[in-house]
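Per-entry structural report
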Amino acid sequence: DITTEAATAAASGNAATESFARKQREAVATSTERVNTLVSELLSAAHDIIRRHKVTYAEYDVLKSWLIQVGQDGEWPLFLDVWLERVVEEVANENREGSKGTIEGPYYIPDAPHLPAEATLPMRENEAGTPLLFQGQATSVDGTPLSGALVEIWQADNEGYYAQFAPGLPEWNLRGTVVADDQGNFKIHTIEPAPYQIPTDGSCGKLIAAAGWHAWRPAHLHLKVSAPGHQLITTQLYFQGGSHVEDDIASAVKPELILDPKPAADGSGNEVTYDFVLDKA
Ligand code: MBD
Ligand code: FE
């Protein structure tokens with residue numbers, strides 16, 4: 001149980017690994033021919049790199065022990081979602097006409113509690129962070145409002161921590177499934193999240209340090225928006241001018257996904273409107 005542990009790479013990594021194991025996945029029957037092609041090409045790309053750079057036995061052993069450690073830290077979901085998922089998403093959604101999507105990442109939990117069309121996300125008393133009113137409308141590509149669309153939202157808190165993947169946070173903190181009204185409208189009261197830092201004490205953190213990279217994702221809201229007869233969209237929204245919007249370690253920022261919130265009329269923080277356009281199924 002993560003609530004009894006420290007905020008370590010292994011605690012969040014193993015929670016992400018368990019969460020992935022619980023996920024309902026489509027059964028895929030990949031043909032022998034396709035497995036052969038994909039795995040052969042992947043290996044042959046690695047062989048080329050070894051030859052080109054004359055990789056040594058000592059370096060090969062470092063690779064082996066690092067790969068073993070990624071598994072022990074439970075950081076395969078983190079590693080894959082940070083460095084590969086964006087291309088899978090690009091290929092999967094290249095023909096969409098509606099709103100842009102981006103990667104899901106390792107910290108989605110399905111079935112967050114349902115909330116009405118105007119709602120405050122579950123949060124602690126005096127939750128730190130600038131209050132944010134995030135509002136908009138879900139429509140179909142033909143402009144039809146999507147009555148009762150589901151707007152699933154999950155985000156880090158003001159310290160960059162996600163509930164259920166860091167210790168000491170209420171189970172559904174800053175997570176919810178908002179049910180849009182009959183016009184597809186929603187109004188979500190939340191706080192602006194902090195940027196997310198890849199844990200520095202795990203194998204992904206070690207790789208980042210060894211390669212001289214930085215460990216940051218820009219502050220972001222995660223969303224999944226769905227409605228009957230339409231393709232679910234998985235996306236993230238970022239904040240204009242925020243740190244690392246221009247150099248996300250996961251390369252998951254797109255220009256269409258950047259919000260520019262303005263001070264709310266009632267002085268209670270910031271507000272922003274963003275509409276979701278869903279492709280037909
Ligand atoms: C995150 O919060 C995230 O969204 C991704 C994609 C990877 C690591 C942490
Ligand atoms: Fe995230």
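Basis of the calculations
- Residues numbered from 1 in each chain as written.
- Chains lettered and ligands numbered in written order.
- Predicted model: local features only at pLDDT ≥ 70, side-chain atom pairs only at ≥ 80, totals over all residues.
- Pairing = 2+ DSSP bridges.
- Helix = DSSP H or I, 4+ residues; strand = E, 2+ residues; numbered from the N terminus.
- Core = buried A, V, L, I, M, F, W, Y, C linked by C-beta atoms within 7 Å.
- Buried ≥ 20, exposed ≤ 12 C-beta atoms within 10 Å, placed from the backbone.
- Contact = placed C-beta atoms within 7 Å.
- Near = placed C-beta within 6 Å.
- Nonpolar A, V, L, I, M, F, W, Y, C, P; charged D, E, K, R; others polar.
- Arc of directions from axis to C-beta.
- Expected span 1.5 Å × (residues − 1).
- UniProt positions renumbered as here; feature names shortened; annotations may be inferred.

1. Considering the sheet that holds strand β5 (residues 175–179)
- Sheet architecture is open: 6 strands sit in the order β1-β5-β4-β9-β10-β11, paired in mixed fashion. At either end of the open sheet lies a strand with only one pairing partner, and these are β1 (114–115) and β11 (258–259).
- Where strand β4 (residues 150–155) and strand β9 (residues 220–226) come together, 6 bridges link them in antiparallel fashion. In the sheet register, V151 faces β9, and the bridge partner there is V225.

2. Quick look at the nonpolar core
- If you look at the biggest cluster of nonpolar residues, it comprises 52 residues, and the most contacted ones within it are A138, V151, I153, V225 and L278.
- The residues contacting I153, other than those within four sequence positions of it, are L121, G176, V178, I188, L221, H222 and L223.

3. A short note on unusual backbone geometry
- Unusually for a residue other than glycine, K54 sits at a positive phi of about 45°.
- Position of K54 relative to the elements: it lies in the loop between α2 (32–53) and α3 (57–72).
- Of note, the phi angle at H244 is positive, near 70°, even though the residue is not glycine.
- Locating H244 in the fold gives a position in the loop between β10 (233–239) and β11.
- Residue H244 is classed as buried on the basis of its C-beta count, with 20 C-beta atoms lying within 10 Å.

4. Brief notes about the site of ligand 1
- The environment of ligand 1 is formed by L78, D81, V82, I103, G105, P106, Y107, Y196, R217, A250 and A252.
- Considering each element in turn, the shell around ligand 1 owes the most residues, 3 residues, to helix α4 (residues 76–83).
- Of the residues assigned to the shell around ligand 1, the class counts are 8 nonpolar, 1 polar and 2 charged.

5. A closer look at helix α6 (residues 203–211)
- Buried within α6 are the following residues: S203, C204 and I208. The arc that holds every buried residue of α6, seen down its axis, measures 145°, which confines them to one face. For α6, the exposed residues lying more than 90 degrees away from the buried face are A209 and A210.
- Structurally, α6 contributes buried residues whose contacts are with α3 and α4.

6. With respect to the pairing of β5
- Relative to β5, β1 runs parallel, the two being bridged by 2 bridges. Paired with H114 across the bridge in β5 is T177.
- For β4 and β5, the ladder comprises 5 bridges, and the chain directions are antiparallel. Bridging across to β5, V151 finds its partner in V178.

7. Concerning α3
- Over its 16 residues, α3 extends 23 Å from the first C-alpha to the last, a length consistent with the 22 Å expected when each residue adds 1.5 Å.
- Within α3, only 0 of the 16 residues are buried, which leaves it mostly out in the open.
- Two residues or fewer after α3 comes G74, characterised by a positive phi angle close to 70°.

8. Regarding the UniProt feature "domain: Intradiol ring-cleavage dioxygenases" (unreviewed entry) in the protein
- Summarizing the sequence annotation, UniProt attributes the feature "domain: Intradiol ring-cleavage dioxygenases" (unreviewed entry) to residues 103–279 in the numbering used throughout.
- Helix makes up 5% of residues 103–279 and strand 35%, and the two end C-alpha atoms of the span are 17 Å apart.

9. Concerning the pairing of strand β13 (residues 270–273)
- Relative to β13, strand β3 (residues 131–140) is paired through 4 bridges, and the arrangement is parallel. Looking at β13, one finds that Q135 is bridged to T273.
- In terms of strand pairing, strand β12 (residues 262–263) meets β13 through 2 bridges, oriented antiparallel. Within the sheet, the bridge partner assigned to P263 lies in β13 and is N270.
- Counting the residues in the hairpin turn of β12 and β13 gives 6 residues, including G267, whose phi is positive at 70°.

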